[in-house]
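Examining the three-dimensional arrangement
Listed below, chain by chain, are the residues.
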Amino acid sequence: MRTEMFQQVLNDLNSSSSDVEASALISTDGLMIASALPVGIDEDRVGAMSAALLSLGDRAGRELARGTIECVMVQGEKGYVIMSSSGSEAVLTVLTKPNAKLGLIFLDIKRASEALAKLI
């Protein structure tokens, strides 16, 4: 039941904008909780990298006196990977197109992260 609710939030996030290509909810130790990823993407790899990058970003934020981080973003020629905390035990990872309207996507990510955090 909870897994279905996680899945629904991810599906809603993916359909909120044509710029969002995929999303996944991952535990802070790198295990996939729920995903809406395209075929051919290795869920285990996405989970491990997302948890590691968010952890490293959190440490950098503390070490460099930036406070609690909102998100970690990687920009590539084919789009963005945005990782955001979803409560203290999970990471929401979102893949977007390269010309994505980031302001709107950040708003959608924040809403989805809050909804997912309540379900965890």
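You'll find the chain entered in an unreviewed UniProt entry as Roadblock/LC7 family protein, with Moraxella macacae 0408225 given as the organism.

Moving on, we come to the sheet that holds strand S4 (residues 79–85). The sheet built from five strands is open, its strands ordered S2-S1-S5-S4-S3 with antiparallel pairing. Looking at the sheet topology across the chains shown, the edges are occupied by strand S2 (32–36) and strand S3 (71–76). This sheet shows a mean twist of 10° between the axes of neighbouring strands, independent of strand direction. The sheet contact formed by strand S1 (residues 20–27) and S2 spans four bridges and is antiparallel. Across the sheet, the residue bridging to Ile 26 is Met 32, located in S2. Where helix H1 (residues 2–16) meets the sheet, it contacts S1, S2 and strand S5 (90–96), and its direction lies at approximately 40° from that of S2.

Cut-offs applied
Residues numbered from 1 in each chain as written. Predicted model: local features only at pLDDT ≥ 70, side-chain atom pairs only at ≥ 80, totals over all residues. Heavy atoms only, no water. Pairing = 2+ DSSP bridges. Helix = DSSP H or I, 4+ residues; strand = E, 2+ residues; numbered from the N terminus. Axes fitted to C-alpha atoms, helices over the stretch in contact; angles between N-to-C directions. Contact = heavy atoms within 4.5 Å.

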